[in-house]
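Residues per chain, in single letters:
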Amino acid sequence: MVSVTDNKILMQVASELKTYVYLLIDPRDRTPFYAGKGQGLRFDSHFADALTPEEDGADDEEQPRKRRLIREIIDAGQRPEVWIIRHGMSGTSEYTAVEAAVIDLLMSVPVGSLPHAPLNMPGQLTNARREQARGHGIRSLQSIVDEYAAPELATSEPLLLITLNGENDDPDHFMPEGERRTFAGYKPEWRESAIRVTVFDEIGESVRGWWSISPRTIERRGIRHVVAVHEGVTRALFEIVEDSWVKAPPRKSKTGRSINDVAFRVRAVTEGPLFDEVVGAHGHRLPMKRTQNALRYWPLSS
């Protein structure tokens, strides 16, 4: 969770969430220990309450269980994680009903250890699909904060920006090495910065092919790096391996136009001045520009 010095960002996030239902997670064993509802900075109030000095004569044994547990987490050098279950609901009755359903579920079914990110266990249920949450579905608070804290991209380095959306468990192409790629796109759990930094190689597999671009254009523009973008924010930076371009067999578009896709190899860039300029701790937000094209060149043309 962000520090108290980021209160301005927390206020912006709270304003966006409006009314919400949330979980507090013990980071030591990944178990939920509190479900609540609220608005404003309610999700952060428990931490502040736990830091408030005890009144004279207070009996530690009578301290609420939640407060004691938060103090234990703090003493261990950590902070409770916050997962936003639903937000932007229409009124008190709706978010009270969601809170009650969450509490009933957690008091009825043994949950055990939660994953390090929401929606990171899609194979646990037999549901064929997940109902649309219209952007208000479960997310960690930290992933939302990261997006609000992301500064605008301002580097002068020429870049190839590739937007990754959704998940594709059956990509159409074999990769240049002859192996069939089993995944392409962007997984929901990669929104979490703590997880994303451990899967740059997987993100690189989505980034490196196949795309309808010209290696000559990349060379002419002086581009040596490609950036994975998701929801308008830079998520990972890669160096294009020199002379690694490979062409796929030509294919036809719906209009009959010949399309020549290419793929290339990449190396993840995880630190250094360019990484800080392009990705950094929170990612960097791209200037608003309406486009359906997954490929863009930086600097953006007007």
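Right, let's walk through the structure included here.

Let us now look at the overall build of the protein. Each helix and strand counted, the protein has 9 helices and 15 strands in total. Scored against the burial criterion, the 302 residues of the protein give a buried share of 43%. Sequence separation of at least 24 residues holds for 68% of the intrachain contacts in the protein that already meet a minimum separation of 6. Surface summary for the protein: the accessible area is close to 17,500 Å², and the carbon and sulfur share equals 49%.

What follows deals with the packing of aromatic side chains. Per the stated rule, a full pass over the model turns up 6 aromatic pairs. Ring centres 5.3 Å apart and planes at 90° place the aromatic pair Y186 and W190 in the edge-to-face group. For the pair Y186 and W190, a shared accessibility class is recorded, and that class is buried. Centre to centre, the rings of W245 and F264 are 4.7 Å apart; their planes meet at 45°, and the pair counts as tilted. Here the residue W245 occupies a position in the loop between β9 (233-240) and β10 (246-247), and F264 occupies one in the loop between β13 (262-263) and β14 (266-269), the gap between them amounting to 19 residues. Taken together, the aromatic side chains of Y20, Y22, Y34 and F43 make up a single cluster linked through ring pairs.

A few words now on the nonpolar core. Counting 38 residues, the largest nonpolar core has I162, I203, V226 and L237 as its most contacted members. Elements that contribute at least two residues to this core include exactly β5 (159-163), α7 (200-207), β8 (225-230), β9, β14, α9 (273-278) and β15 (295-298). Grouped together as the second largest cluster of nonpolar side chains are 20 residues, A14, Y20, V145 and A149 included.

Here the focus is the sheet that holds strand β2 (residues 31-38). Paired through their backbone hydrogen bonds, the strands of a sheet run either parallel or antiparallel. In spatial order, the strands read β2-β1-β3-β4; together these 4 strands make up an open sheet with antiparallel pairing. Where the open sheet ends on each side, the last strands, each with one partner, are β2 and β4 (139-140). One ladder, built from 2 bridges, connects strand β3 (residues 81-87) with β4; its direction is antiparallel. Residue W83 lies in a different strand from β4, and its bridge partner there is S140. Lying over the sheet, helix α2 (residues 42-51) contacts β1 (20-26), β2 and β3, oriented at roughly 40° with respect to β1.

With that settled, consider the pattern of salt bridges. Considering all chains together, one arrives at 13 salt bridges under this definition. Counted as one network, the salt bridges with shared partners bring together R139, E147, R191, E231 and R235.

Here we come to the sheet that holds β9. An order of β14-β9-β8-β5-β15 is seen for the 5 strands of this open sheet, with the pairing classed as mixed. Looking along the sheet, the strands with just one partner apiece sit at the ends: β14 and β15. With direction set aside, neighbouring strand axes in the sheet form an average angle of 35°. With 4 bridges connecting them, β9 and β14 associate as antiparallel partners. Across the sheet, the residue bridging to I240 is V266, located in β14. The sheet strands contacting α7 are β5, β8, β9 and β14, and the helix crosses β9 at an angle near 80°.

Each value, and the rule that gives it
- Residues numbered from 1 in each chain as written.
- Predicted model: local features only at pLDDT ≥ 70, side-chain atom pairs only at ≥ 80, totals over all residues.
- Heavy atoms only, no water.
- Helix = DSSP H or I, 4+ residues; strand = E, 2+ residues; numbered from the N terminus.
- Buried < 20%, exposed > 50% of the residue type's maximum accessible area, 1.4 Å probe, protein only.
- Contact = heavy atoms within 4.5 Å.
- Areas by Shrake-Rupley, 256 points an atom, 1.4 Å probe, with all protein chains shown as cover.
- Phe/Tyr/Trp six-rings, centres within 6.5 Å; stacked < 30°, edge-to-face > 60°.
- Core = buried A, V, L, I, M, F, W, Y, C linked by side-chain atoms within 4.5 Å.
- Pairing = 2+ DSSP bridges.
- Axes fitted to C-alpha atoms, helices over the stretch in contact; angles between N-to-C directions.
- Salt bridge = Lys/Arg side-chain N within 4 Å of Asp/Glu carboxyl O.

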